[in-house]
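Inside the fold
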Amino acid sequence: MHDKSIAELSAGLKAGEYSSVELTRHFLDRIAAHDGQLNSFITVTEAGALAQAEAADARIKAGEAGPLTGIPIAHKDIFCTRGVRTSCASKMLDPFVAPYDATVVTNLAAAGVVMLGKTNMDEFAMGSSNETSFYGPVSNPWDTDRVPGGSSGGSAAAVAARLCVAATGTDTGGSIRQPASYCGITGLKPTYGRVSRYGMIAFASSLDQAGPMTRSAEDAALLLTGMSGFDPKDSTSIERPVEDYAAALGKDLKGLKVGVVKEFFGDGLDGGVAGSVQAAIDALKKLGAEVVEVSLPNSGLSVPAYYVVAPAECSSNLSRMDGVRFGHRCEDSKDLMDLYERSRSEGFGDEVKRRILIGTYALSAGYYDAYYLKAQKIRRLISDDFKRAFEQVDVLVGPAAPDTAFVKGAKSDDPVAMYLSDIYTIAVNLAGLPGMSVPVVPAGGLPVGLQIIGNYFEEGRLLNVAHQLQLATDWHQAAPAGFA
Amino acid sequence: MSLERADVQKIAHLARLAVSDTEAEALVKDLGNILDLVAQMDAVDTETVSPMAHPTDMAQRLRPDEVTETDQREAFQAHAPAVENGLFLVPKVIE
């Protein structure tokens, strides 16, 4: 059952071949059997899952089921879930039980999905390897000595290992696409504002966006349709009707103009990854796409600009963790300042502290123009590069990450080396565009992701390109040995 | 851009983080490396470029000034570290 697509499972549920309770039990059993090796879940919500599954079965029996009703998924532990610990993988929020649901959680629950639990991640979504989690690192199911990528590493590992049908993730600088690439799954970061950020613990508010992490583009289309929508509770949510993304997957690629981003094939790119990405581009050509080379001349500045914008916004967002209203509080504080400083120092891990400090510095008196304002101007240049590119082509392609999954610990002592894992994904967040990673030919036995970038609100086009590629190839169907 | 240990301590205080001398030493190096990365921006002339604060250049939506939330004080204080009579407790601020 765990190899089936959402559409196949939904058909099976409606035909009465199995119930959602049976399906949910199957995945709970898989989590119990396999997650000891992966650590992809922080919290498993067995009782809640079985209750949701029973309700889904009743809905199916009554003929009121939608395409996601009864499907067991997992939520990244950055989404608030009422009555369930919502930790953001931080000691700071280890005691935090959310009093309300994130809109993404509400929307998917209304569609009838079953929540199996909350997945592991980098602390407050800051990291590219899932090694900064308070609950310990996650292992990559393709090689458990290696990282799954991050920050949505738990979601990526759980989907790749078939411990859930699909999962939610968030992407501020590549946190859906890079782990999707490392774990061999399909991950989509929608246009900024497409999916509500209400109840999604904020990291960098001008960049954060939630999206689906699945085993195919078709599954991603179904999950995105369920997640999306205007939300008056998020001031950046876009008032625009949700498309039926799954219904728009039937278009062939003849005449599609594909731009290969020249700058994404420079010195930092692993040779094996380059070969795999090229094979995928050749496959798109075979399907009728016209491939041209495109330049994004300022994309090399995306990592420097990002490491001003994201830390600045995080230093502001994380100021709410003060040891007073929720979360961790130090013992025996001698005064209010001591309470703030020690609660925060005990509650946050090293990477989160580094980013808060960089952001505080960049925003401090006398430095604003040199850092934050400068970064916002670079951001404009990067965004303008994309605008020009989309005058020539329909989609852009390149690698999602410069390498395959690295061995745990390999980059832990060098923050800047870790930051460069997101060298091909960050520009997309700065511009606010949709981007996805789809699995292609492995390199050295490890998964590789092709990144596909679209113009604003062209999620449907991206999903269709990925789906056509997946109809013509079987790269996305490979399962890691030991988890098949 | 290089930072001294005293700079790190000053920034840490602004960020309400307590940093030990050993941690400050490591941070001098780490933050310095990050600022070196960031300094790549300086190579570009951005004099005439308008800053981009938000990806979609949209205006903030306004809503009518009406009370829409119900009182959920007890639910919201249920997970607070210390409360009394509906108030959050902190160390004494005024003598």
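Before reading further, recall that the structure is shown in the block above.
In what follows, the accompanying structure is described. (Residues numbered from 1 in each chain as written. Chains lettered and ligands numbered in written order. Predicted model: local features only at pLDDT ≥ 70, side-chain atom pairs only at ≥ 80, totals over all residues. Heavy atoms only, no water.)

1. Section: the side chain of Asn464 of chain A
Residue and element names in this part refer to chain A.
- Following the sequence through the fold, Asn464 ends up in helix α15 (residues 459-472).
- In this structure the side chain of Asn464 is engaged in a polar contact, spanning 2.9 Å, whose partner is the backbone oxygen of Lys251.
- Once residues within four sequence positions are removed from consideration, Asn464 is found in contact with Ala248, Leu249, Gly250, Lys251 and Leu253. (Helix = DSSP H or I, 4+ residues; strand = E, 2+ residues; numbered from the N terminus. Polar contact = N/O pair within 3.5 Å; in protein donor to acceptor, adjacent residues only side chain to side chain. Contact = heavy atoms within 4.5 Å.)

2. What about the environment of Gly327 of chain A?
- Tracing the backbone through its elements, the reader meets Gly327 of chain A in the loop between α9 (302-317) and α10 (336-347).
- Discounting chain neighbours no more than four positions away, the residues touching Gly327 of chain A are Met92, Leu93 and Pro95 of chain A together with His79 and Pro81 of chain B.

3. Thoughts on the sheet that holds strand β3 (residues 114-119) of chain A
Residues and elements named next belong to chain A.
- Spatial ordering of the open sheet is given by β1-β3-β2-β4-β6-β5-β10-β11-β9-β7-β8, a layout of 11 strands whose pairing is mixed. Since the sheet does not close on itself, it has two edges, and those belong to β1 (41-44) and β8 (290-294), each with one partner. Across the sheet, the mean angle separating the axes of adjacent strands is 25° when strand polarity is ignored.
- Summarising the sheet, strand β9 (residues 395-399) and strand β11 (residues 449-454) pair through 5 bridges and their orientation is antiparallel. Residue pairing for β11: Pro399 is matched across the bridge by Leu450.
- Of the strands in this sheet, β1, β2 (72-76) and β3 are in contact with helix α2 (residues 20-38), which crosses β3 at around 20°. (Pairing = 2+ DSSP bridges. Axes fitted to C-alpha atoms, helices over the stretch in contact; angles between N-to-C directions.)

4. As for the packing of helix α7 (residues 217-227) of chain A against α15 of chain A
Residues and elements named next belong to chain A.
- In the contact formed by α7 and α15, the axes pass within 8 Å of each other and the chain directions differ by 155°. Considering their axes alone, α7 and α15 lie roughly antiparallel with respect to each other. Two secondary-structure elements touch here, α7 through Ala217, Glu218, Ala220, Ala221 and Leu224 and α15 through Glu459, Leu463, Ala466, His467 and Gln470.
- Residue composition of the contact of α7 with α15, by class: 6 nonpolar, 2 polar and 2 charged. (Parallel < 35°, antiparallel > 145°, perpendicular 65-115°, else oblique. Nonpolar A, V, L, I, M, F, W, Y, C, P; charged D, E, K, R; others polar.)

5. Things to note about the packing of aromatic side chains
Residues and elements named next belong to chain A.
- Tallied over the entire structure, the rule returns 12 aromatic pairs over all chains.
- Here the aromatic rings of Tyr361 and Tyr367 are separated by 4.6 Å at their centres, their planes lie at 40°, and the arrangement is tilted.
- Accessibility expressed as a relative area gives 5% for Tyr361, which makes it buried.
- Summarising the aromatic geometry, the rings of Tyr368 and Tyr372 are spaced 5.6 Å apart at their centres and angled 50° between planes, so their arrangement reads as tilted.
- Of the residues examined, Tyr372 reaches a relative accessible area of 11% and is grouped as buried.
- Taken together, the aromatic side chains of Tyr306, Tyr307 and Tyr419 make up a single cluster linked through ring pairs. (Phe/Tyr/Trp six-rings, centres within 6.5 Å; stacked < 30°, edge-to-face > 60°. Buried < 20%, exposed > 50% of the residue type's maximum accessible area, 1.4 Å probe, protein only.)

None of this, on its own, says anything about what the molecule does.
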